[in-house]
Each structure stands twice: as C-alpha cells, then as structure tokens.
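Tertiary structure, described
The residues making up each chain are set out below.
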Amino acid sequence: MAGISAAAADLGASAYKRRPSWVAWLVFAPLAAWLILFVIVPTLTLVALSFGEQRGLGTVEFTFTLENYQRAFNWTWLKVFWTSIWYALLTTGICMVIGYPVAYYIGRSPENMRNMLLTLVMIPFWTSFLIRTYAWITILSKEGLINSFLVAARIVPEPITILYTPFAAVLGLVYNYLPFMILPIYTSVERLDNAMIEAAYDLGARPVRAFSQIIIPLTSPGIVAGALLVFVPSIAMFAITNLMGGGDPPTIGEVIYKQFTSGRAQPFGAALGTLLLLIFIFTLWIGRRRSEE
Amino acid sequence: MAASSFPAFFRKIHGPVVQRWLFGAWTIGVFAFLYIPILLLIIFSFNNSKLNIKWEGFTWKWYGELLSNAPILHAFQNSLIVATATMVISTALGTIGAWMLYRYRFPFQRAMGLLIFIPMVIPEVLMGVSMRAEFVHLLKLPLGHVAMIIAHTTFCFPFVLVGVQARLQGLDPFLEEAAQDLGATPAQAFWKVIVPYLFPAIVSGALMSFTLSLDEYIVSIFTTNAQSQTLPLKVYGMAKVGLNPQLNALSTLFVIGTVVLVIASELLTRRKST
C-alpha cells in the first residue's frame, strides 16, 4: 500500500503540470464518469441494498431495516466468514514459506538468469486459473492420476478421497496465488543492499542469523505486499474452493452469490457483502500501518 | 561446537554457498510444483484413453471433438466479443487517464489516483456483487454482454493506466514542448509524439486486459445471463462434473495461447528499458 500513497503524493508535486483546457476536460470526462459510475456508485448501491427488504422475486424495497445485519450475526454465517478467513490465512502463510526462498533465489541471481526465472513465474500467473485448477482435479480426483497409480500399484484397494477436502481447497488456493507472493518479495530482494548482508557475515553472523535478523526485516515491505495480494483475493475466491474443496464448508463468496441467484435474498446477500467490504478495508488498513512501521 | 571451530573465512564463504544451493534446489522444486500439473494436463490431452494413468497411444481426437462442440465454440465467441471490447475501451481509458494524471493539475486529483487502485485490489466477489446490484436495481441494465464488458473494463483499465504511467516516468518533458514549438497543437503533440513513445506500454496493457477479461470467472457470473455464457463459465461447469479429455485439449490450446501472449508482452516491456 506504500506504493499507492507514494504515487498519490507524486501527483501534486510537479510544477510541470498544467490546468486542462476545455477540450482536455472533454477528453477526460469519460474516465471521471466511469470511476464515479462504476466504482463509487456500485459500492453505494450495495450498501444501500443491504438495508432493504426483498419483496417477491426481483423487487427490493428500501425500508432502512437492520434485519439483514441481525440475520448475518448468527453462528451459521459467522462460521462461513471464519472458514473463509482461515483458508485465506493458511494460504497466505503457506505461500510465504514456499515463496520466500524462491523470490530470494531469483532476486540474488545474475541478471540474465533473473529475467528468465521471472518469466517462468509469470507464465502460470497469466494462465487461466480455471485451467490450473482443473489440472489438479485430473491429478487428485477418484479417477485421477494419483488414485489410478495407487490402485494399479496395489498400495490401496480402492481410490481414496483427496479431492473435495479442505486440504485440496487450500492446495488450490496456494497453487493459484503463489506468484502473487513471489513477485513483490522478489522486488524487495532485488533492492537489498549487498553491503548490509556482507557486513552481517563479516561481523560473524551465521547464515540463519543473517537471514532472520537482517535479510527478512529488510525485505518486509515485499512480504507485507505479498501477504495482502494473496490474502485479499483468496478470502472470497469461491471458484477454487468449490471446485477443489467441494464447497464444504462453504466460503463467503459462494454464500453471497447464492443469495443473489438461487437464494433470492438479495438484501441479505448485500449485507454479507458489506461486511466483507469492511473486512477488506480493515485488511488494507492493517497492511498500510505495517508497511509504514 | 564443531561449527564454531571453523576458520572464520571458511564460514564466511561456506555459509552463503550452502544457502544458495539449498534455495536453488527449493526453487527447482517449486517450479516443478507449478509446472508438472500443467505438463500432465497437456500430455493427457493426447492420450487415446479417457484420462487413465495408462498411455494408450497418441491421438488428436479430443481436439477434433472440441472443435465440433457447439456450446463451447459459442462460449468462446462470447468470450472473444467481451474480451475485445474490454481491451479496446480499457486501453483508451487507461492511456488517457495516465496522461491526465501525469500532465495536468485538476481538482480531486489525489482522490482519483486512489480510486483507480480500488478495482485492482478489491476481491472479485465484491466487485461482481456491487456491479450486479447497481445494474439490476439502479440502472435497470439487462445482464449480459454489455454488463460484462462494463464490469471487465472497470478492473482492466487500471492495469493499462499503471503500465503507461510507469513508462511516462521516463519521458523527456521537452519532447512535447519541442513538438509544440514546431507548431503542433496539444492534441497533435499527444497523438504524433507521446502515443508513439508510449506504444510498447499501451500494447502490453492491451494484451493484459484481453487476457484478464478472457480469464475472468467471478465477476462474469454476477453480470452474465444464460445466453452470454463466456468460456470460463463453461469450463467451470465442465470441471465441476469431473474429468473430460476435451477440457484437457481446450486447456492445452489456452496454455499455448497464453505463453505466446506473455512472451510477446515481455518482449515489448523489455524494449521499454532500452
């Protein structure tokens, strides 16, 4: 988040900037309108909807009721939030442990090798997440590669359940979001001052100590950014938790989606959405504070 | 005990070298984790049997079946329409926006700079659900192609904007001035001098929006209707049912397409630094 405030601070500074002419205003108007109409207004609509009441199939009346929120603060729904947060935290932690050494290795490689390794991280990042998730389904399912191997080798008498478990759900999330962790940490590692590390070794620090007391603190901006980039999207990524985890226990994204389609309780869905929005804002706020420390 | 009796110079060189080896091995392992599932997916798209671990001979038949699968082709068509429109609008909005924030001073500039980041970082579910709420209850806009294009553009154009902004950092401020001194209007200077300079960033932003839109699932299911199902929605439905070699074939084509796009985009961004 540090990047955002820095970018925003840069905007005002330059003396080179000028006031727009009326032609320039005309060209810029669509962008401003777009931001208002499709970023601000939808969010406000969602919040407004959460204070409404469902009347029949498609119609909602705005009655400014708090009923939807009362309904949301119930063990059933709190558990859904908890599952989602727990999955996202696990995913973030595992990505950090798996990703950090990779980011470090790439960041300390010679320049020509660095670009190649980065491209190798980028390719899965740009490959459709559904395809990558399906790849794991072909490996983990009852008729999948692992099970057909285990059965053929007579290690197990019949296929075991790996897919449609919380383990598979988190595996899917980790597989999908790992590059989001590696890239920002890599950026921090690349900026590391070599002299600092050499100084640590010169003063007698062992690799483990140099790592935990010098290198990791110095790269913490990248770690915080990576954690945000993994945690925020994975909290509501129900496509993966459904396909890999079988949707049991349900996560918040799916519950919201169902309220809007089959559940036909749109104001309630909007209330859950508003709560998720608060979690999102809270997470960004924490991330910002941590990166300012 | 033993370690502390090592000569200091040995420890100094030895430690980082061992660390480098360990991290290198770990990195190879992680790349295997990232790539083996995709490679298996590709290999089994050519397997004559229905996704058994046993290899029963090479075949193109799943590709043949895929290409005669009408619902998939229809979904692909929808995806192309949505992704192309998204790409065109996002590229225009993103490029103009970057120039506006870079070159002009106007009210609410800071607010605008922050607002642009929201669609990039917000969870997709929130984006989808708030868009749907607005379209259905406020704008009375029917869900479908247009709704999807609007929603996709909203999270794609900031990526173009950020990319173009990065390239603007390296722009020589006198370039535009020189063009205007030589008689160009601000509009001409923008089109004939600035846009060509920004071209690599614009193209890579366009490719990025196209890929992001083509791959979007969550925002799409909130804004689509039954007739305008895009490819990811179809793929999700197929993957939910279970194994299907046609899906392997489709995935293989997609992976190849992505690799080509990523490499093209990388080559363009590389040119940025020269």
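Here the structure is a predicted model, which means the values were calculated and not measured.

Focus on the overall build of chain A
- In terms of helices and strands, chain A carries 14 helices and two strands.
- Dimensions along the principal axes, computed over C-alpha positions, put chain A at roughly 75 × 70 × 35 Å.
- Taking all 293 residues of chain A together, 41% fall into the buried category.

Notes on the overall build of chain B
- Summing up its helical and strand segments, chain B has 12 helices and zero strands in all.
- Helices (α) and strands (β) of chain B occur, in sequence order from the N terminus, as α-α-α-α-α-α-α-α-α-α-α-α.
- By the compact-globule yardstick of 19 Å for 274 residues, chain B is too spread out, its C-alpha radius of gyration being 25 Å.
- A principal-axis box enclosing the C-alpha atoms of chain B has dimensions of 70 × 70 × 35 Å.
- Across the 274 residues of chain B, 42% fall into the buried class.

With respect to the environment of Ala206(B)
Residue and element names in this part refer to chain B.
- Structurally, Ala 206 is set in helix 9 (residues 186-215).
- Separated by 47 residues in the primary sequence, Ala 206 and Phe 159 place their C-alpha atoms 9.0 Å from one another.
- If we ignore the near neighbours within four places in the chain, the residues touching Ala 206 are Met 87, Thr 91 and Val 160.

A closer look at the confidence of the model for chain B
Residues and elements named next belong to chain B.
- Per-residue pLDDT for chain B averages 87, and the proportion of residues at 70 or more is 91%.
- Low pLDDT (under 50) marks residues 1-6, which in the prediction has one contact with non-local residues, meaning those over four places away or in another chain.
- Listed scores for the predicted complex are pTM 0.89 and ipTM 0.87.

So, unusual backbone geometry
- Between Asp248(A) and Pro249(A) the backbone carries a cis peptide bond, its omega angle lying at 0°.
- With respect to the helices and strands, Pro249(A) occurs in the loop between helix 12 (238-245) and helix 13 (252-260).
- Phi is positive for Tyr164(A), close to 60°, though the residue is something other than glycine.
- The topology assignment puts Tyr164(A) in the loop between helix 7 (145-152) and helix 8 (166-190).
- You will see that Phe108(B), though not glycine, has its phi angle at about 60°, which is positive.
- Tracing the chain through its elements places Phe108(B) in the loop between helix 3 (70-103) and helix 4 (109-115).

Remarks on the interface of chain B and chain A
- Chain B puts 74 residues into the contact, and the matching count from chain A is 75 residues.
- No other element matches helix 1 (residues 8-44) of chain B, which puts 16 residues into the side of chain B that touches chain A.
- Taken together, the residues of the side of chain B that touches chain A break down into 49 nonpolar, 15 polar and 10 charged.

So, the domain arrangement of chain B
Residues and elements named next belong to chain B.
- On domain assignment, one finds that chain B holds domain 1 (3-44) and domain 2 (63-273).
- With centres defined by C-alpha atoms, the gap from domain 1 to domain 2 works out at 37 Å.
- Contact with domain 1, which involves four residues of that partner, is made by four residues of domain 2.

Observations regarding the pairing of strand 2 (residues 59-62) of chain A
Residues and elements named next belong to chain A.
- The pairing of strand 1 (residues 52-55) with strand 2 spans four bridges and is antiparallel. Its bridge partner being in strand 2, Arg 55 is matched across the sheet by Thr 59.
- Where strand 1 hands over to strand 2, the hairpin turn is made up of three residues, of which Gly 56 adopts a positive phi near 70°.

Some thoughts on the packing of helix 8 (residues 173-181) of chain B against helix 9 of chain B
All names here are of chain B.
- Where helix 8 meets helix 9, the closest approach of the two axes is 9 Å, and the angle between their N-to-C directions is 125°. Here helix 8 is positioned oblique relative to helix 9, judged by the angle of their axes. At the point where helix 8 passes helix 9, the crossing takes the right-handed sense. Listed contacts from helix 9 to Leu 175, Glu 176, Ala 179 and Gln 180 of helix 8 are Pro 186, Ala 189, Lys 192, Val 193 and Ile 194.
- Among the residues making up the contact of helix 8 with helix 9, the classes are represented as six nonpolar, one polar and two charged.

A few points about the environment of Leu130(A)
- Tracing the backbone shows Leu130(A) in helix 6 (residues 129-140).
- Here the alpha-carbon distance between Leu130(A) and Thr161(A), two residues 31 residues apart in the chain, equals 21 Å.
- Those residues in contact with Leu130(A), other than ones at most four positions away along the chain, are Tyr217(B), Pro232(B), Val235(B), Tyr236(B) and Ala239(B).

Side note on the packing of helix 4 (residues 75-107) of chain A against helix 8 of chain A
Residue and element names in this part refer to chain A.
- Viewed as axis vectors pointing N to C, helix 4 and helix 8 meet at an angle of 40°, and their least axial separation amounts to 6 Å. Between helix 4 and helix 8, the angle is such that the two are oblique. Helix 4 and helix 8 meet at a crossing whose hand is right-handed.
- Partitioned by chemical class, the residues of the contact of helix 4 with helix 8 number 22 nonpolar, three polar and one charged.

Some points on the environment of Phe135(B)
Residue and element names in this part refer to chain B.
- Mapped onto the secondary structure, Phe 135 falls in helix 6 (residues 124-139).
- Judged by local crowding, Phe 135 falls into the buried class, with 23 C-beta atoms found within 10 Å.
- As a C-alpha pair, Phe 135 and Phe 117 span 18 residues in sequence and 22 Å in three-dimensional space.
- Residues in contact with Phe 135, not counting those within four places in the same chain, are Leu 141, Leu 143, Ala 147 and Thr 223.

A look at helix 6 of chain A
Residues and elements named next belong to chain A.
- Along its 12 residues, helix 6 runs 17 Å from first to last C-alpha, staying within 8% of the 16 Å computed at 1.5 Å per residue.
- For helix 6, the buried fraction is high: 11 of the 12 residues fall into the buried class.
- Within the span of helix 6, buried status applies to Phe 129, Leu 130, Ile 131, Arg 132, Thr 133, Tyr 134, Ala 135, Trp 136, Ile 137, Thr 138 and Leu 140.

With respect to the confidence of the model for chain A
- Put simply, chain A has an average pLDDT of 87, and 94% of its residues get 70 or more.
- Overall, residues 1-13 of chain A carries pLDDT values under 50, and its contacts beyond four positions in sequence, including any with other chains, amount to 18 contacts.

Calculation notes
All chains use their own residue numbering, which begins from 1 and follows the written sequence. Chains and ligands are labelled sequentially in the order written, the chains with letters from A and the ligands with numbers from 1. Where local features are concerned, this predicted model is filtered to residues with pLDDT of at least 70; where side-chain atom pairs are given and counted, the filter is 80 or more; whole-chain, interface and lining totals use all residues. Numbering of helices and strands runs from the N terminus; a helix is a DSSP stretch of H or I covering at least four residues, while a strand is a stretch of E covering at least two. Working definition of burial: number of other C-beta atoms within 10 Å of the residue's own, with buried at 20 or more, exposed at 12 or fewer, and partly exposed in between, all C-beta atoms being placed from the backbone. Between the two quantities, the radius of gyration covers C-alpha atoms and the globule rule is 2.2 Å times the number of residues to the power 0.38. Here the contact rule is simple: place C-beta atoms from the backbone, and any two residues whose C-beta atoms are within 7 Å are in contact. Per residue, pLDDT captures the predictor's confidence, and it can take any value from 0 to 100. Put simply, Ala, Val, Leu, Ile, Met, Phe, Trp, Tyr, Cys and Pro go in the nonpolar bin, Asp, Glu, Lys and Arg in the charged bin, and everything else, Gly too, in the polar bin. Where each domain begins and ends is defined by an automated method or by a domain database. A pair of strands is treated as paired once DSSP finds two or more bridges between them. Lines fitted to C-alpha atoms define the axes here, with helix axes fitted over just the stretch in contact, and angles between the N-to-C directions of these axes take values from 0 to 180 degrees. Throughout this description, any angle smaller than 35 degrees is read as roughly parallel, any larger than 145 degrees as roughly antiparallel, any in the 65 to 115 degree range as roughly perpendicular, and the remainder as oblique. Crossings are assigned a handedness: left-handed for a near helix turned anticlockwise from the far helix by less than a right angle, right-handed for a clockwise turn. By this rule, a helix spans an expected 1.5 Å times one less than how many residues it contains.

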